[in-house]
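# What the coordinates show
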Amino acid sequence: MELSARLQLLADWVPSGARIADVGTDHAYLPVWLLLHGRVVSAIACDLREGPLERARQTGYTYGVDLDLRLGNGLDVAAPEEADTIVIAGMGGENIAAILERAPWTADGRHTLLLQPMSRAEDLRRFLMDHGYAIRREALVRDRGTIYPVMEAVKGEMKLSLGQLYGGAALLQDPLGGQYIIEKIIRLQGAVAGLNRSGNREKGDGLRNIITALLSLREEWRYAQSR
């Protein structure tokens with residue numbers, strides 16, 4: 001069984017002997033791979049819909065793995081003591097934040113969060129900063145031509161600059177950091193042009209501030225890479 005580059009990075013970060021809850025499991029490739037390789041002692045696979053859970057059941061059957069499947073909204077169907085590592089991947093950053101907001105026990109100091117937003121990562125970083133979490137490490141992975149951030153968060157405090165909110169909390173040493181930042185800048189520039197055409201210059205000014213912060217962060221990244 002081979003994982004995508006995105007899921008493989010998550011798998012590499014799961015501590016050996018962990019008890020995981022995989023939220024939004026879909027095909028359950030990640031928990032099945034971890035169980036097959038003896039990396040975890042237990043795995044809960046959660047999803048909001050019956051369809052993905054049926055696909056997860058089929059994956060478990062194919063590889064001879066007995067999965068603990070849970071149907072429900074986010075972590076509503078998992079108790080704090082059932083898992084020490086929470087994986088939430090493959091959805092927007094605002095959706096991941098909403099799941100964590102419904103499960104404040106994930107910031108109790110006994111849980112590690114492995115998070116992989118497909119979009120709006122800035123919303124997730126802001127939520128973590130404002131709700132008692134700290135990003136312990138962050139990395140980028142290229143999967144099918146798109147660069148995605150992966151974050152490990154735990155209970156703690158952190159203060160992120162505007163540039164870090166949009167361009168990564170700890171990516172100055174990441175070889176993909178420069179391209180990730182540039183892609184963010186290009187998308188924001190397109191949004192500014194659209195706002196200017198519609199006459200919404202005030203909102204455009206806010207986006208320009210973000211662009212300026214990202215340009216500064218890219219210079220920091222270039223300096224870090226040259227050392």
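First, a word on what this report is: a plain description of the structure on this page. Because the structure is predicted, anything quoted here is derived from the model rather than measured. (Residues numbered from 1 in each chain as written. Predicted model: local features only at pLDDT ≥ 70, side-chain atom pairs only at ≥ 80, totals over all residues. Heavy atoms only, no water.)

## Examining the sheet that holds strand β6 (residues 133-143)
Applied cut-off: Pairing between strands is defined by DSSP: at least two bridges between them are needed. Secondary structure elements are taken from DSSP: a helix is a run of H or I of four residues or more, a strand is a run of E of two residues or more, and numbering for both begins at the N terminus. Helix axes are fitted only over the stretch in contact, all axes being lines through C-alpha atoms; the angle between N-to-C directions runs from 0 to 180 degrees.
With mixed pairing, the 7 strands of this open sheet are ordered in space as β3-β2-β1-β4-β5-β7-β6. Looking at the sheet topology across the chains shown, the edges are occupied by β3 (68-71) and β6. Direction aside, neighbouring strands of the sheet carry axes that sit 20 degrees apart on average. Pairing analysis gives 3 bridges linking strand β5 (residues 112-117) to strand β7 (residues 146-155), with the strands arranged antiparallel. Bridge assignment links L114 to a residue of β7, and that residue is E152.

## Some remarks on the side chain of E122
Rules: In what follows, a contact means two residues having at least one pair of non-hydrogen atoms within 4.5 Å.
Here E122 shows up in helix α5 (residues 121-130). If we ignore the near neighbours within four places in the chain, the residues touching E122 are L165, Y166 and K184.

## Concerning the pairing of strand β4 (residues 85-91)
Applicable threshold: When accessible area is computed with a 1.4 Å probe and restricted to protein chains, residues below 20% of their type maximum are described as buried, those above 50% as exposed, and intermediate ones as partly exposed. Handedness rule for crossovers: strands pointing away from the viewer, path from the first strand over the helix to the second running clockwise, crossover right-handed.
Among the 7 residues that make up β4, 6 are buried, leaving the element largely enclosed by the rest of the structure. Where strand β1 (residues 18-23) meets β4, 4 bridges bridge the pair, whose relative direction is parallel. For I20, the partnering residue across the bridge sits in β4 and is T85. Across 6 bridges, β4 lies against β5 in parallel orientation. Bridging across to β5, V87 finds its partner in L114. Handedness of the crossover is the feature at issue here: the chain leaves β4, passes through helix α4 (residues 93-101), returns alongside β5, and the resulting connection is right-handed.

## Let's talk about the layout of surface pockets
The condition that has to hold: Within this scheme a cavity is a closed region of a 1 Å grid, computed over the protein atoms alone, that accommodates a 1.4 Å probe without allowing it to escape, whereas a pocket is open but has protein on both sides within 12 Å along at least five of seven lines; lining residues each have an atom within 4 Å of a point. Grid points are joined across faces, edges and corners, and a volume is the space filled by probe spheres set on the points. For this scheme, ten residues count as nonpolar: Ala, Val, Leu, Ile, Met, Phe, Trp, Tyr, Cys and Pro. Four count as charged, namely Asp, Glu, Lys and Arg, and the remainder, Gly too, count as polar.
If you add up the space inside the largest pocket, you get close to 750 Å³. As for the largest pocket, its lining consists of 34 residues, of which R6, G24, D26, A89 and G90 are closest to the centre. Elements with a contribution of two residues or more to the lining of the largest pocket: α1 (5-13), β1, α2 (29-36), β2 (40-47), β4 and α4. Per-element accounting of the lining of the largest pocket gives the leading share, 4 residues, to β4. Here the lining of the largest pocket is composed, by residue class, of 16 nonpolar, 9 polar and 9 charged. Approximately 370 Å³ is the volume attributed to the second largest pocket. Broken down by secondary-structure element, the contributors of at least two residues to the lining of the second largest pocket are α5, β7, α7 (177-198) and α8 (201-226). A class-by-class count of the residues in the lining of the second largest pocket yields 11 nonpolar, 3 polar and 6 charged.

## Things to note about the packing of α4 against α5
What counts here: Convention used here: angles under 35 degrees read as roughly parallel, angles over 145 as roughly antiparallel, angles from 65 to 115 as roughly perpendicular, and any remaining angle as oblique. By the definition used in this description, the sense in which the near helix is turned from the far one sets the handedness, with an anticlockwise turn below a right angle giving left-handed and a clockwise turn giving right-handed.
Remark: α4 packs on α5, axes separated minimally by 7 Å, with the N-to-C direction vectors making an angle of 25 degrees. Taken together, the axes of α4 and α5 are roughly parallel relative to one another. Crossing handedness for the pair α4 and α5: right-handed. Taken together, the residues of α5 that come into contact with α4 (itself represented by G93, E94, I96, A97, L100 and E101) are D123, L124, F127 and L128. Tallied by class, residues from the contact of α4 with α5 come to 6 nonpolar, 1 polar and 3 charged.

## Examining the packing of aromatic side chains
Operational definition: Only Phe, Tyr and Trp rings are paired, with Trp represented by its six-membered ring, and only when their centres lie within 6.5 Å; those with planes under 30 degrees apart are stacked, over 60 edge-to-face, the remainder tilted. Cation placement over rings: the criterion is NZ of Lys or CZ of Arg within 6 Å of the ring centroid and within 35° of the ring normal.
As enumerated under the stated definition, the model contains 1 aromatic pair in all. Relative to Y133, the ring of F127 has its centre 6.1 Å away and its plane inclined at 35 degrees; by these criteria the two rings are tilted. For F127, a relative accessible area of 8% translates into the label buried. Relative accessible area serves as the criterion here: at 2%, Y133 is assigned to the buried category. Over the ring of W13 we find R137, and its NZ or CZ is 4.2 Å from the ring centre.

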